[in-house]
Amino acid sequence: MTVTLEVAEGVGTLRLDRPPMNALDVATQDRIRELAEEAARREDVRAVVIYGGEKVFAAGADIKEMQRMDHSAMVLRARGLQDSFTAVARIPKPVVAAVTGYALGGGCELALCADYRIAADNAKLGQPEIMLGLIPGAGGTQRLPRLVGPSKAKDLIFTGRMVKADEALAIGLVDRVVPAADVYTEAHIWAAKLAQGPAIALRAAKESIDTGLETDLDTGLALERNWFAGLFATEDRERGMRSFVEEGPGKAKFL
């Protein structure tokens, strides 16, 4: 299998495993979608880590496979490509990308689908599609400017240049930089902590933020208001407030 899902302590690790560079061919893209949808459904998965292994996150699409596709073939495939990555973005649970080595093209776009990105100090990220006479096709022209702003996104997409971990951190492309040997451990710690949190409230927070960014302020506020009121019907809300009153803040234990 080029992608696997392993679950421990409430954390599902979506592991890319297509040596040597985790090139994202069609079969791998479809497998990502399948397992992302599984992670979304499974109650024992409360947070997700996306990981490509110790050496590389994902160096991008399988160029040899793409070279064999003509316009008609890509018209038929382009939606499937985007849907595979969107399935990751729509996992209604906290998702962290543990980025080692190269995260280029589709690899960078996959990392963009996470809620949080922890990168190795040797990581290199970028959208080099322009060098192939293309543009990003798995969400890069949409998710990257929403994350780092349009000017920085255009610089990366127009030039196709790679950025090292320190620059990626400075522009907001990644959220933390740690030694390469610690990337997965730190990502798992982040995910495991949230896996112990109130699952419905975390889902509400993620949907409110993600959907709110795609709409106007009034609509976003209405979504927030409905989720906020709705959470008063949950056991987690009762448990959290009771713990706060009886024991003080930050001591609630959620199921």
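In this report, the structure presented in the accompanying data block is examined. (Residues numbered from 1 in each chain as written. Predicted model: local features only at pLDDT ≥ 70, side-chain atom pairs only at ≥ 80, totals over all residues. Heavy atoms only, no water.)

1. Examining the packing of helix 9 (residues 199-213) against helix 10 (residues 217-230)
Condition: Angles shown run from 0 to 180 degrees and are taken between the N-to-C directions of axes, each axis being a line fitted to C-alpha atoms and, for helices, limited to the stretch in contact. A run of H or I in DSSP becomes a helix once it reaches four residues, and a run of E becomes a strand once it reaches two; helices and strands are each numbered from the N terminus. The labels follow the angle: roughly parallel below 35 degrees, roughly antiparallel above 145, roughly perpendicular from 65 to 115, and oblique for the rest. The contact criterion used throughout is that any non-hydrogen atoms of two residues lie within 4.5 Å. Asp, Glu, Lys and Arg are counted as charged, while Ala, Val, Leu, Ile, Met, Phe, Trp, Tyr, Cys and Pro are counted as nonpolar; the rest, among them Gly, fall into the polar class.
Two numbers describe how helix 9 lies on helix 10: the axes approach to 9 Å, and their chain directions differ by 170°. Classed by the angle they form, the pair helix 9 and helix 10 counts as roughly antiparallel. Contacts between helix 9 and helix 10 involve Ile200, Ala204, Glu207, Ser208, Thr211 and Gly212 from the first element and Gly220, Leu223, Glu224 and Trp227 from the second. Here the contact of helix 9 with helix 10 is composed, by residue class, of four nonpolar, four polar and two charged.

2. A look at the sheet that holds strand 1 (residues 3-8)
Note the following rule: Two strands qualify as a pair provided that DSSP identifies no fewer than 2 bridges between them.
Read across the open sheet, the six strands follow the order 1-2-3-4-6-9; overall the sheet is mixed. In this open sheet, the two strands that pair with only one neighbour each are strand 1 and strand 9 (176-178). Each adjacent strand pair in this sheet contributes to an overall mean axis angle of 20°, direction not counted. Two elements, strand 1 and strand 2 (residues 11-16), share six bridges in a ladder whose sense is antiparallel. Bridging across to strand 2, Thr4 finds its partner in Arg15.

3. Here's the deal with helix 1 (residues 26-41)
For the record, the criterion: By this rule the span expected of a helix is its residue count minus one, scaled by 1.5 Å. Working definition: with a 1.4 Å probe on protein chains only, accessible area under 20% of the residue-type maximum means buried, over 50% means exposed, and in between means partly exposed.
Between its first and last C-alpha, helix 1 extends 23 Å over 16 residues, near the 22 Å set by a 1.5 Å rise per residue. Those residues of helix 1 lying buried are Val26, Thr28, Gln29, Arg31, Ile32, Leu35, Ala36 and Ala39. Of the surrounding elements, those touching the buried residues of helix 1 are strand 1, strand 2, strand 3 (47-51), helix 2 (63-67), helix 3 (71-89) and helix 4 (106-112).

4. Comments concerning the pattern of salt bridges
Keep this limit in mind: Just to be clear on terms, a salt bridge is a Lys or Arg side-chain nitrogen sitting within 4 Å of an Asp or Glu carboxyl oxygen.
Tallying each qualifying case throughout the model produces 14 salt bridges. For Arg18, the salt bridge is made with Asp25, and the minimal N-O distance between the two is 3.4 Å. In this structure, Asp155 and Arg161 form a salt bridge, with 2.8 Å as the shortest nitrogen-oxygen distance. Judged by relative accessible area, Asp155 falls into the partly exposed class, the value being 30%.

5. Brief notes about the nonpolar core
Stated precisely, the cut-off is as follows: For our purposes a nonpolar core is just a set of buried Ala, Val, Leu, Ile, Met, Phe, Trp, Tyr and Cys residues, chained together by side-chain atoms within 4.5 Å.
Judged by nonpolar contacts, the single largest core of 44 residues is most densely connected at Phe57, Val88, Val99, Leu110, Leu125, Leu144 and Leu173. The greatest single-element share of this core, amounting to five residues, is contributed by helix 3. Filtering out sequence-adjacent residues up to four positions away, Leu173 remains in contact with Cys108, Leu112, Arg117, Leu125, Leu144, Leu147, Val148, Leu156, Val163 and Ala168. Val11, Val96, Val178 and Ala191 belong to the second-largest nonpolar core, a separate cluster that totals 15 residues.

6. As for the sheet that holds strand 5 (residues 102-104)
Ordered in space as 5-7-8, the three strands form an open sheet in which the pairing is mixed. The open sheet is flanked by strand 5 and strand 8 (162-164), the only strands paired with a single partner. Strand-to-strand, the axes of this sheet are offset by a mean angle of 20°, without reference to chain direction. The pairing of strand 5 with strand 7 (residues 124-126) spans three bridges and is parallel. In the sheet register, Ala103 faces strand 7, and the bridge partner there is Leu125.

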